[in-house]
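Each chain is listed here by its residues.
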Amino acid sequence: MSFVGIIPNPASGKDIRRVAAHAFVVGNREKANIVGRMLIGLHAAGVRDVRIMPDGFGIGHHAMRDLHRRWPEVVSGVSILDMDFVGAWGDSVLAATLLRKQGAGCIITLGGDGTVRDVAKACADTPILPVSTGTNNVMPRFIEGTVAGLAAGLMALQGEGALEELCLRAKRIDIIVNGEVADLALVDVAAVAGSFAGARAVWQVELLRQVAVTSASPASLGLSSIVGLLHPIAGDDALGAMVSVGPEGHTQTVLAPVGPGLMASVPIRELSIMVPGRPYPVVPERPLQLALDGERKIGLRSGDEASLMLRTDGPWIVDVDRVMRRAAQNKHFIS
């Protein structure tokens with residue numbers, strides 16, 4: 001029987017946007033509570049094997065300890081993934097790699113867009129169910145932990161044959177630097193002036209030079225909202241979009257929610273529609289930082305050439321509504 005992996009990011013929901021904006025904080029104790037509710041949902045769905053990524057705080061350990069007092073049967077098949085961890089983004093990549101190799105039927109993530117991106121690098125066709133505990137959350141949903149556990153458990157028990165029916169195939173943007181794929185983004189790529197990565201999060205729109213997105217809703221939060229308010233791009237559309245930004249030669253200005261409680265007027269020079277498989281050049285200004293899904297990750301220096309390429313073969317994302325609707329139709333919870 002397939003098992004479910006859980007990757008809780010202990011660092012999500014704690015970056016500098018708590019100071020620069022008005023983002024809420026999701027502490028690790030609350031993350032442990034969420035994981036506990038996920039375990040209850042997974043058990044109710046019929047999953048008896050759950051493996052949780054370790055971390056310095058012990059989110060998984062706290063969740064298991066709290067549940068063991070009242071429902072020991074729920075945690076009887078729960079374990080902490082056997083891996084080394086250093087408290088960095090690479091932990092999520094390693095955990096996803098191990099879970100995939102061990103045959104996980106579904107991976108639940110707790111974090112923001114960046115956490116999903118890290119897991120997507122290594123999970124291949126293993127479906128992801130992203131639960132929001134981060135700052136900018138275009139892909140993760142604010143979904144109650146119990147329901148997330150139910151849906152992930154049902155998805156894992158369905159097997160790979162249900163991927164196209166019960167999941168959505170996300171898009172991705174490959175970042176190509178000097179002819180080699182350097183990284184990927186699932187939601188947006190922002191070109192930010194300067195060489196200083198600092199706290200990595202992007203909130204100073206005056207430094208923006210370019211934003212490319214895989215999807216953009218007028219109701220989203222973060223840099224993708226800039227495009228969403230100009231030209232919405234649906235997640236299931238095979239297109240993306242890119243805007244060049246800056247006061248010189250701009251033709252219009254967008255007032256966008258670029259962070260929690262943070263509205264900004266963004267001068268737009270040009271909007272372009274991206275099609276899959278075609279490279280789109282990054283602005284030539286150097287030095288430049290490329291922020292992937294909200295965080296500066298790649299520095300470009302003089303002489304570096306970079307482009308962005310939209311792809312439609314990103315990770316499989318569990319559609320919770322579809323999964324639960326299928327369960328209701330099959331009377332899974334009716335006796």
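So, here is what we can say about the structure in this document. (Residues numbered from 1 in each chain as written. Predicted model: local features only at pLDDT ≥ 70, side-chain atom pairs only at ≥ 80, totals over all residues. Heavy atoms only, no water.)

**So, unusual backbone geometry**
Negative phi is the rule for most residues except glycine; trans is the rule for most peptide bonds.
Part 1 of the reasoning: With an omega dihedral of 0°, the bond running from Arg-286 to Pro-287 counts as a cis peptide bond.
Part 2 of the reasoning: One non-glycine residue with positive phi stands out, namely Asp-293, at about 50°.
Part 3 of the reasoning: The topology assignment puts Asp-293 in the loop between β15 (288–292) and β16 (295–300).
Part 4 of the reasoning: The exposure class assigned to Asp-293 is buried, which follows from its relative accessible area of 6%. (Helix = DSSP H or I, 4+ residues; strand = E, 2+ residues; numbered from the N terminus. Buried < 20%, exposed > 50% of the residue type's maximum accessible area, 1.4 Å probe, protein only.)

**Description of helix α2 (residues 28–45)**
Part 1 of the reasoning: An ideal rise of 1.5 Å per residue puts 26 Å on 18 residues; α2 measures up with 25 Å between its terminal C-alpha atoms.
Part 2 of the reasoning: Following α2 by one or two positions, Gly-46 has its phi on the positive side, about 105°. (Expected span 1.5 Å × (residues − 1).)

**Comments concerning the nonpolar core**
Part 1 of the reasoning: Grouped together as the largest cluster of nonpolar side chains are 41 residues, with contacts concentrated most on Ile-6, Leu-39, Leu-42, Ile-108 and Leu-129.
Part 2 of the reasoning: Counting residues in hydrophobic clusters, the runner-up holds 23 residues, among them Phe-3, Ala-96, Ile-107 and Ile-128. (Core = buried A, V, L, I, M, F, W, Y, C linked by side-chain atoms within 4.5 Å.)

**Brief notes about the sheet that holds strand β13 (residues 262–274)**
Part 1 of the reasoning: Reading across from one edge, β12-β13-β11-β10-β9-β15-β16 is the order of the seven strands in this open sheet, with antiparallel pairing throughout. Pairing within the sheet leaves two strands with one partner each, and these edge strands are β12 (252–259) and β16. Ignoring strand direction, the axes of neighbouring strands in this sheet form an average angle of 35°.
Part 2 of the reasoning: The pairing of β12 with β13 spans seven bridges and is classified as antiparallel. (Pairing = 2+ DSSP bridges. Axes fitted to C-alpha atoms, helices over the stretch in contact; angles between N-to-C directions.)

**Describing the pairing of strand β9 (residues 188–193)**
Part 1 of the reasoning: Most of β9 sits inside the fold, with six of its six residues counted as buried.
Part 2 of the reasoning: Two elements, β9 and strand β10 (residues 208–213), share five bridges in a ladder whose sense is antiparallel. From the neighbouring strand, Val-192 faces β10, where its bridge partner is Leu-208.

**Examining the packing of α2 against helix α3 (residues 59–68)**
Part 1 of the reasoning: Packing of α2 against α3 brings their axes to within 8 Å, and their N-to-C directions diverge by 55°. In terms of orientation, α2 and α3 fall into the oblique class. Remark: the crossing between α2 and α3 carries right-handed chirality. Touching Asn-28, Arg-29, Lys-31, Ala-32, Asn-33, Val-35, Gly-36, Leu-39 and Ile-40 of α2 are Ile-59, His-62, Ala-63, Arg-65, Asp-66 and Leu-67, all from α3.
Part 2 of the reasoning: Per-class residue counts for the contact of α2 with α3 are seven nonpolar, four polar and four charged. (Parallel < 35°, antiparallel > 145°, perpendicular 65-115°, else oblique. Left-handed = near helix turned anticlockwise from the far one by under 90°. Contact = heavy atoms within 4.5 Å. Nonpolar A, V, L, I, M, F, W, Y, C, P; charged D, E, K, R; others polar.)

**Topic: the sheet that holds strand β8 (residues 180–185)**
The strands making up a sheet associate through hydrogen bonds between their backbones, and the pairing can be parallel or antiparallel.
Part 1 of the reasoning: Here four strands make up an open sheet; going across it, the order is β8-β7-β17-β14 and the pairing antiparallel. With one partner strand each, in any of the chains shown, β8 and β14 (279–281) form the two edges of the open sheet. Ignoring strand direction, the axes of neighbouring strands in this sheet form an average angle of 30°.
Part 2 of the reasoning: Relative to strand β17 (residues 306–311), β14 is paired through three bridges, and the arrangement is antiparallel. Counted as the bridge partner of Pro-281 is Ser-307 from β17.

**A look at the packing of helix α7 (residues 145–158) against helix α10 (residues 320–329)**
Part 1 of the reasoning: At a closest axis distance of 9 Å, the pairing of α7 and α10 adopts a crossing angle of 70°. Classified by the angle their axes make, α7 and α10 are roughly perpendicular. On α10, the residues touching Val-147, Leu-150, Ala-151, Leu-154, Met-155 and Gln-158 of α7 are Val-320, Val-323, Met-324, Arg-326 and Ala-327.
Part 2 of the reasoning: A class-by-class count of the residues in the contact of α7 with α10 yields nine nonpolar, one polar and one charged.

**A word on the packing of aromatic side chains**
Part 1 of the reasoning: Following the criterion strictly, the structure yields zero aromatic pairs and no others.
Part 2 of the reasoning: Directly above the aromatic system of Phe-3 lies the positively charged group of Arg-51, at a separation of 3.6 Å from the ring centroid. (Phe/Tyr/Trp six-rings, centres within 6.5 Å; stacked < 30°, edge-to-face > 60°. Lys NZ or Arg CZ within 6 Å of the ring centre and 35° of its normal.)

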